[in-house]
Amino acid sequence: MGKTAVCPGSFDPVTLGHLDIITRGAGVFDRVIVAVLNNRSKKPLFSVEERVALIRETTAHLPNVEVDSFDGLLIDYVKNKQANAIIKGLRAVSDFEYELQMASINRKLDEDVETFFMMTNNHYSYLSSSIVKELAKYEASVSDLVPAPVEEALLRKFRN
Ligand code: PNS
């Protein structure tokens, strides 16, 4: 059946840093499911449907990438999808502590699921969805930080 990895996140919105990780993951695994967390306790800028649609549009050229959303624990979603792995990007040492905690708890919940980390391309080491939203809010260009459909969606959000 091949190896399936889940690439989870908030993706509010998806950035070129995320796309770099998704693309590289799709080169290693047979199938990658990008899973958008439907986090009701946070107030996202984009609805989960908008976030899924933007990722679908920007990964349409990758035949082994699917996009979905999930609620609840990541490990339950991974098991439901019969996936073997979780893939995540690491930007800097500051990401490490939180990601180690997440990988450890997920391993405790199911030791058959491995978490794989990829070092983010150096171009995107400073990049985050929050920074993109902050820049777009004050009308600074984000054209080299996000794919074109995301830039357009940000312009529409902040124009309204
Ligand atoms: O893009 P983010 O916000 O860093 O992604 C975080 C995400 C979605 C990977 C993480 O919050 C997550 O896995 N949430 C689901 C709940 C869960 O399984 N938590 C770990 C056990 S407490």
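The preceding data block contains the structure.
Criteria and thresholds
Residues numbered from 1 in each chain as written. Predicted model: local features only at pLDDT ≥ 70, side-chain atom pairs only at ≥ 80, totals over all residues. Heavy atoms only, no water. 1 Å grid on protein atoms, 1.4 Å probe; cavity = no way out; pocket = protein on both sides within 12 Å on 5 of 7 lines; lining within 4 Å. Points joined across faces, edges and corners; volume = space filled by probe spheres on them. Helix = DSSP H or I, 4+ residues; strand = E, 2+ residues; numbered from the N terminus. Nonpolar A, V, L, I, M, F, W, Y, C, P; charged D, E, K, R; others polar. Axes fitted to C-alpha atoms, helices over the stretch in contact; angles between N-to-C directions. Parallel < 35°, antiparallel > 145°, perpendicular 65-115°, else oblique. Contact = heavy atoms within 4.5 Å. Patch = residues over 30% accessible without salt bridge, like charges linked within 9 Å, V, L, I, M, F, W, Y side chains within 5 Å. Areas by Shrake-Rupley, 256 points an atom, 1.4 Å probe, with all protein chains shown as cover. Salt bridge = Lys/Arg side-chain N within 4 Å of Asp/Glu carboxyl O. Buried < 20%, exposed > 50% of the residue type's maximum accessible area, 1.4 Å probe, protein only. Near = heavy atom within 4 Å. Polar contact = N/O pair within 3.5 Å; in protein donor to acceptor, adjacent residues only side chain to side chain.

Visitor: I'm lost on the layout of surface pockets in this one. Help?
Guide: Rolling a probe over the atoms, with the probe sized like a water molecule, indicates the empty space that remains. Estimated volume of the largest pocket: approximately 1200 Å³. Taken together, 47 residues line the largest pocket, and the ones lying closest to its centre are P8, G9, S10, K88 and E99. Per-element accounting of the lining of the largest pocket gives the leading share, nine residues, to helix α4 (residues 93-109). Residue composition of the lining of the largest pocket, by class: 23 nonpolar, 15 polar and nine charged.

Visitor: Where do I start with the packing of helix α2 (residues 48-58) against helix α6 (residues 148-159) in this structure?
Guide: Between two packed helices, both the angle of their axes relative to each other and the distance between the axes serve to describe the pair. It is at 10 Å that the axes of α2 and α6 come closest, and there the two elements cross at 150 degrees. Taken together, α2 and α6 sit at an angle that is classed as roughly antiparallel. Side by side, α2 and α6 meet where E50, L54, E57 and T58 of the first sit next to P149, V150, A153 and K157 of the second. Residue composition of the contact of α2 with α6, by class: four nonpolar, one polar and three charged.

Visitor: Sorry if this is basic, but what is going on with a nonpolar patch on the surface here?
Guide: Where nonpolar side chains cluster on the molecular surface, the patch consists of L73, Y98, M102, I105 and L109 and spans about 450 Å² of accessible area. For M102, the position within the fold is in helix α4. What makes M102 partly exposed here is its relative accessible area of 30%.

Visitor: Just to check I follow, could you spell out the site of the ligand for this structure?
Guide: As a structural note, the neighbourhood of the ligand is formed by P8, G9, S10, L37, F70, G72, L73, L74, K88, Y98, M102 and I105. Within the side chain of S10, one N or O atom sits 2.6 Å away from an oxygen atom of the ligand. L74 is positioned with one of its backbone polar atoms (N or O) 2.8 Å from an oxygen atom of the ligand. For the ligand, whose accessible area on its own is 560 Å², the fraction buried by protein is 71%. Where the shell around the ligand is concerned, the elements lending two or more residues are β1 (4-9) and α4. The leading source of residues in the shell around the ligand is α4, at three residues. Looking at the shell around the ligand, its residues break down into eight nonpolar, three polar and one charged.

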